[in-house]
Amino acid sequence: MDTHLIYTVIDLLGTFAFGVSGAIAARQQRLDLFGIATITFIVACGGGILRDLCLGTLPPAGLSSWRYLIVSLIASAWVVCAYPMVCRMKSPVQLFDSIGLGLFAVAGAKKALAVHAGAEVAILLGMVSAVGGGVLRDVLLSRVPSILQREIYASAALAGAGVEVLLSYNGADSVMASWLTAAGCTLLRLASLRYGWRLPSTDDDSNHHGDRSH
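Numbers given for residues are sequential positions, taken from 1 along each chain in its written order. In keeping with the model being predicted, local features are shown solely for residues with a pLDDT of at least 70 and side-chain atom pairs are shown and tallied solely at 80 or more, while totals for entire chains, interfaces and linings include all residues. Only hydrogens and water are set aside when side-chain values are computed; all heavy atoms of the structure are taken into account.

An unreviewed UniProt entry annotates the protein as Glycine transporter domain-containing protein of Pseudomonas fluorescens. UniProt positions are given in the numbering used here, feature names are shortened, and annotations may be inferred rather than shown by experiment. Turning to the protein, the UniProt annotation filed under Sequence similarities (unreviewed entry) states: "Belongs to the UPF0126 family." UniProt, in its Subcellular location (unreviewed entry) section for the protein, records the words "Cell membrane".

As structure tokens, this is what we get:
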């Protein structure tokens, strides 16, 4: 299968997943239809736009291609129409955000490699693509971004992008490998939420020592 087609499919699926997470969060804040559609587009395409700006790909695909606008509108319409069903899901914002995280980590790394960026750039822009939409969603809706907390979020995206780049550099890049990498990144994020995995903090060490001093 053509590499460009693989990238496009993964990128659009990630756009839809992030769009759904943004639409759900906007609906929970009781925004009107225009507000929901706006937040959905910004969340769905924000990470990709940041990635393309860093790569010098102008205008960014999220603004120049009609596909991204259509996908984001479909995501917002689905959430609005199926909101009672969405409400029955457990943590739907985090679920779709995790799916988007895995897909965008791979798509971002693949696009950077496609324009002959180095391995380090590809890994970093894979992470930027993956976390950008979620950060914009949380900032616009006055939530503390996950990237600023101790959650395994940006680190999961780095791992996913790193694996994608490693496979590519070792000649193991394939359709199946890309899908498995995206799935692994998503599962890592979901597992960290399910089991409460956190990154280490210096506050924990200081509090621990402080308790012992008493």
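Asker: Please clarify how the overall build of the protein should be interpreted in this entry.
Answerer: When you go through the protein residue by residue, the secondary structure sums to 10 helices and zero strands. Only DSSP runs of H or I covering at least 4 residues are called helices, and only runs of E covering at least 2 are called strands; the numbering of each starts at the N terminus. Along the protein, helices (α) and strands (β) appear in the sequence α-α-α-α-α-α-α-α-α-α when read from the amino end. Here the C-alpha coordinates of the protein stretch approximately 65 × 45 × 30 Å along the principal axes. Burial here depends on accessible area, computed with a 1.4 Å probe over protein chains only, as a share of the maximum for the residue type. Under 20% is buried, over 50% is exposed, and the range in between is partly exposed. Relative to its 214 residues, the protein shows a buried fraction of 47%. Relative to all contacts within the protein whose residues are 6 or more apart in sequence, the contacts with residues 24 or more apart total 76%. We call two residues in contact when some of their heavy atoms are within 4.5 Å.

Asker: Even after reading the chapter, I still don't get the packing of aromatic side chains, so can you show me in this structure?
Answerer: Centre distance and the angle of the planes are the two values used to describe a pair of aromatic rings. Geometry of aromatic contacts follows a simple scheme: Phe, Tyr and Trp rings, the Trp one being its six-membered ring, pair when their centres are within 6.5 Å, and the pair is stacked under 30 degrees between planes, edge-to-face over 60, tilted otherwise. In total, this model carries three aromatic pairs according to the counting rule given. Judged by centre distance (5.3 Å) and plane angle (65°), the rings of F18 and F104 are edge-to-face. Residue F18 is located in helix 1 (residues 3-28), and its partner F104 is located in helix 6 (residues 92-114); the two are separated by 86 residues in the primary sequence. Overall, the relative accessible area of 2% leaves F104 in the buried class. Note on Y195 and W197: the rings are 5.8 Å apart at their centroids and 25° apart in plane angle, and the pair reads as stacked.

Asker: Please clarify how the nonpolar core should be interpreted in this entry.
Answerer: By size, the foremost hydrophobic cluster in this structure holds 28 residues, and its most contacted members are V20, I24, V79, L101, A130, V131 and A157. Those elements that place two or more of their residues in this core are helix 1, helix 2 (33-55), helix 4 (66-81), helix 5 (83-87), helix 6, helix 7 (119-140) and helix 8 (154-169). The greatest single-element share of this core, amounting to six residues, is contributed by helix 1. Those residues in contact with A130 that sit more than four places away from it in its chain are F18, L101, F104, A105, Y153 and A157. Within this scheme, the nonpolar core is defined by two criteria: the residues are buried Ala, Val, Leu, Ile, Met, Phe, Trp, Tyr or Cys, and they are joined through side-chain atoms within 4.5 Å.

Asker: Before we go on, may I ask you to explain the environment of A107 in this structure?
Answerer: With respect to the helices and strands, A107 occurs in helix 6. With residues near it in sequence (within four places) discarded, A107 still touches Y7, I10, D11 and R51.

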